[in-house]
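# Analysis of the macromolecular model
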Amino acid sequence: MYSLNNCNKYYLYQGYASMSLGIDGLYRLVRSEMKQLSPISGDAFIFFGKARKSVKILKWDGDGFLYWRRRLGGKEATVRQVMEAWDRLVEWDTGRKVL
(Lines give C-alpha, C1' and ligand atoms only; values in the text may rest on other atoms or scores of the structure.)
Protein backbone atom coordinates (compact mmCIF):
# COMPACT_ATOMS: atom_id res chain seq x y z
CA MET A 1 0.00 0.00 0.00
CA TYR A 2 1.42 3.34 -1.04
CA SER A 3 0.22 6.34 0.85
CA LEU A 4 0.95 9.79 2.07
CA ASN A 5 -0.18 10.39 5.62
CA ASN A 6 0.62 12.33 8.76
CA CYS A 7 3.53 9.98 9.53
CA ASN A 8 5.46 11.43 6.57
CA LYS A 9 7.54 14.58 6.60
CA TYR A 10 6.71 17.03 3.83
CA TYR A 11 9.09 19.54 2.31
CA LEU A 12 7.89 22.30 0.00
CA TYR A 13 10.38 23.38 -2.65
CA GLN A 14 10.65 27.16 -2.22
CA GLY A 15 11.14 27.98 -5.90
CA TYR A 16 9.14 27.00 -8.95
CA ALA A 17 9.77 23.67 -10.62
CA SER A 18 9.35 23.05 -14.31
CA MET A 19 6.33 20.80 -14.71
CA SER A 20 8.18 19.05 -17.52
CA LEU A 21 10.53 17.50 -14.95
CA GLY A 22 10.03 13.84 -14.21
CA ILE A 23 11.37 11.69 -11.39
CA ASP A 24 15.02 12.13 -12.39
CA GLY A 25 14.71 15.91 -12.75
CA LEU A 26 12.95 16.34 -9.41
CA TYR A 27 15.53 14.07 -7.76
CA ARG A 28 18.33 16.30 -9.11
CA LEU A 29 16.47 19.40 -7.90
CA VAL A 30 16.32 18.04 -4.34
CA ARG A 31 20.00 17.02 -4.44
CA SER A 32 21.22 20.35 -5.83
CA GLU A 33 18.96 22.89 -4.11
CA MET A 34 17.76 21.20 -0.92
CA LYS A 35 21.22 19.94 -0.04
CA GLN A 36 20.54 19.24 3.64
CA LEU A 37 17.79 16.77 2.67
CA SER A 38 18.04 13.36 1.05
CA PRO A 39 15.62 12.42 -1.73
CA ILE A 40 15.85 8.78 -0.60
CA SER A 41 14.93 9.51 3.03
CA GLY A 42 11.29 8.50 2.60
CA ASP A 43 10.15 12.10 3.05
CA ALA A 44 7.79 13.68 0.52
CA PHE A 45 8.90 16.64 -1.59
CA ILE A 46 6.27 19.00 -2.99
CA PHE A 47 6.85 21.09 -6.11
CA PHE A 48 4.68 23.78 -7.72
CA GLY A 49 4.90 25.05 -11.27
CA LYS A 50 5.32 28.77 -11.84
CA ALA A 51 1.64 29.29 -12.57
CA ARG A 52 0.75 27.24 -9.43
CA LYS A 53 -1.81 25.33 -11.49
CA SER A 54 -0.21 21.96 -10.90
CA VAL A 55 1.73 20.22 -8.17
CA LYS A 56 4.10 17.25 -8.13
CA ILE A 57 5.08 15.12 -5.15
CA LEU A 58 8.13 12.88 -5.06
CA LYS A 59 8.67 10.24 -2.36
CA TRP A 60 11.12 7.36 -1.98
CA ASP A 61 9.36 4.09 -1.17
CA GLY A 62 12.35 1.96 -0.21
CA ASP A 63 12.92 0.39 -3.61
CA GLY A 64 11.79 3.12 -5.99
CA PHE A 65 10.20 6.53 -6.25
CA LEU A 66 6.52 7.31 -6.00
CA TYR A 67 5.50 10.24 -8.18
CA TRP A 68 2.21 12.09 -8.06
CA ARG A 69 1.05 14.89 -10.30
CA ARG A 70 -2.13 16.86 -9.82
CA ARG A 71 -3.59 19.61 -12.00
CA LEU A 72 -5.31 22.14 -9.82
CA GLY A 73 -7.77 23.78 -12.18
CA GLY A 74 -7.80 27.15 -13.82
CA LYS A 75 -6.64 29.44 -11.04
CA GLU A 76 -3.56 29.85 -8.89
CA ALA A 77 -3.61 27.60 -5.84
CA THR A 78 -2.23 28.03 -2.36
CA VAL A 79 -0.45 25.26 -0.47
CA ARG A 80 -3.51 24.89 1.79
CA GLN A 81 -5.79 24.43 -1.24
CA VAL A 82 -3.47 21.76 -2.62
CA MET A 83 -3.49 19.84 0.65
CA GLU A 84 -7.27 20.10 0.91
CA ALA A 85 -7.68 18.86 -2.67
CA TRP A 86 -5.47 15.86 -1.96
CA ASP A 87 -7.38 15.18 1.25
CA ARG A 88 -10.66 15.02 -0.68
CA LEU A 89 -9.44 13.08 -3.69
CA VAL A 90 -6.74 10.65 -2.61
CA GLU A 91 -8.10 7.70 -0.69
CA TRP A 92 -6.60 4.23 -0.54
CA ASP A 93 -8.03 0.76 0.04
CA THR A 94 -7.99 1.24 3.79
CA GLY A 95 -10.51 4.06 3.45
CA ARG A 96 -8.04 6.32 5.25
CA LYS A 97 -7.56 9.70 3.68
CA VAL A 98 -4.02 10.82 3.19
CA LEU A 99 -2.29 14.19 3.21
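Reading the values: rules and limits
Residues numbered from 1 in each chain as written. Predicted model: local features only at pLDDT ≥ 70, side-chain atom pairs only at ≥ 80, totals over all residues. Heavy atoms only, no water. Core = buried A, V, L, I, M, F, W, Y, C linked by side-chain atoms within 4.5 Å. Buried < 20%, exposed > 50% of the residue type's maximum accessible area, 1.4 Å probe, protein only. Helix = DSSP H or I, 4+ residues; strand = E, 2+ residues; numbered from the N terminus. Contact = heavy atoms within 4.5 Å. Arc of directions from axis to C-beta. Phe/Tyr/Trp six-rings, centres within 6.5 Å; stacked < 30°, edge-to-face > 60°. Pairing = 2+ DSSP bridges.

Grouped together as the largest cluster of nonpolar side chains are 11 residues: Tyr13, Ala17, Met19, Leu26, Leu29, Val30, Met34, Leu37, Phe45, Phe47 and Leu58. Elements that contribute at least two residues to this core include exactly α1 (23–33) and β2 (44–48). When residues in this core are grouped by element, the largest group, three residues, is from α1. Setting aside anything within four residues of it in sequence, one finds tyrosine 13 in contact with Leu29, Glu33, Met34, Ile46 and Phe47. Membership of the second largest hydrophobic core comes to eight residues, among which are Leu4, Val55, Leu66 and Trp68.

Here α1 has its buried residues at Gly25, Leu26, Leu29 and Val30. The buried residues of α1 occupy an angular sector of 140 degrees when projected down its axis, which confines them to one face. Residues of α1 that are exposed and angled more than 90 degrees away from the buried face: Asp24 and Arg28. Residues of α1 that are buried make contact with β2, β3 (54–60) and β4 (65–71).

Going through the model one piece at a time under the given rule, you end up with four aromatic pairs. When the ring of tyrosine 11 is compared with that of phenylalanine 45, the centres are 5.7 Å apart and the planes differ by 25 degrees; the resulting orientation is stacked. Placement of the pair is tyrosine 11 in strand β1 (residues 10–12) and phenylalanine 45 in strand β2, with a sequence separation of 34 residues. Ring centres 5.8 Å apart and planes at 70 degrees place the aromatic pair tyrosine 27 and phenylalanine 65 in the edge-to-face group. Of this pair, tyrosine 27 sits in helix α1 while phenylalanine 65 sits in strand β4; the two residues are 38 residues apart in sequence, bridging distant segments of the chain. We classify tyrosine 27 as partly exposed; its relative accessible area is 31%. Of the aromatic side chains, those joined through ring pairs into one cluster are Tyr27, Trp60 and Phe65.

What follows is about the pairing of β4. For β3 and β4, the ladder comprises seven bridges, and the chain directions are antiparallel. When the sheet's bridge partners are listed, tryptophan 60 is paired in β4 with phenylalanine 65. Between the end of β3 and the start of β4, which pair antiparallel, lie four residues, with glycine 62 showing a positive phi angle near 110 degrees.

Keep in mind these numbers describe shape, not what the thing actually does.
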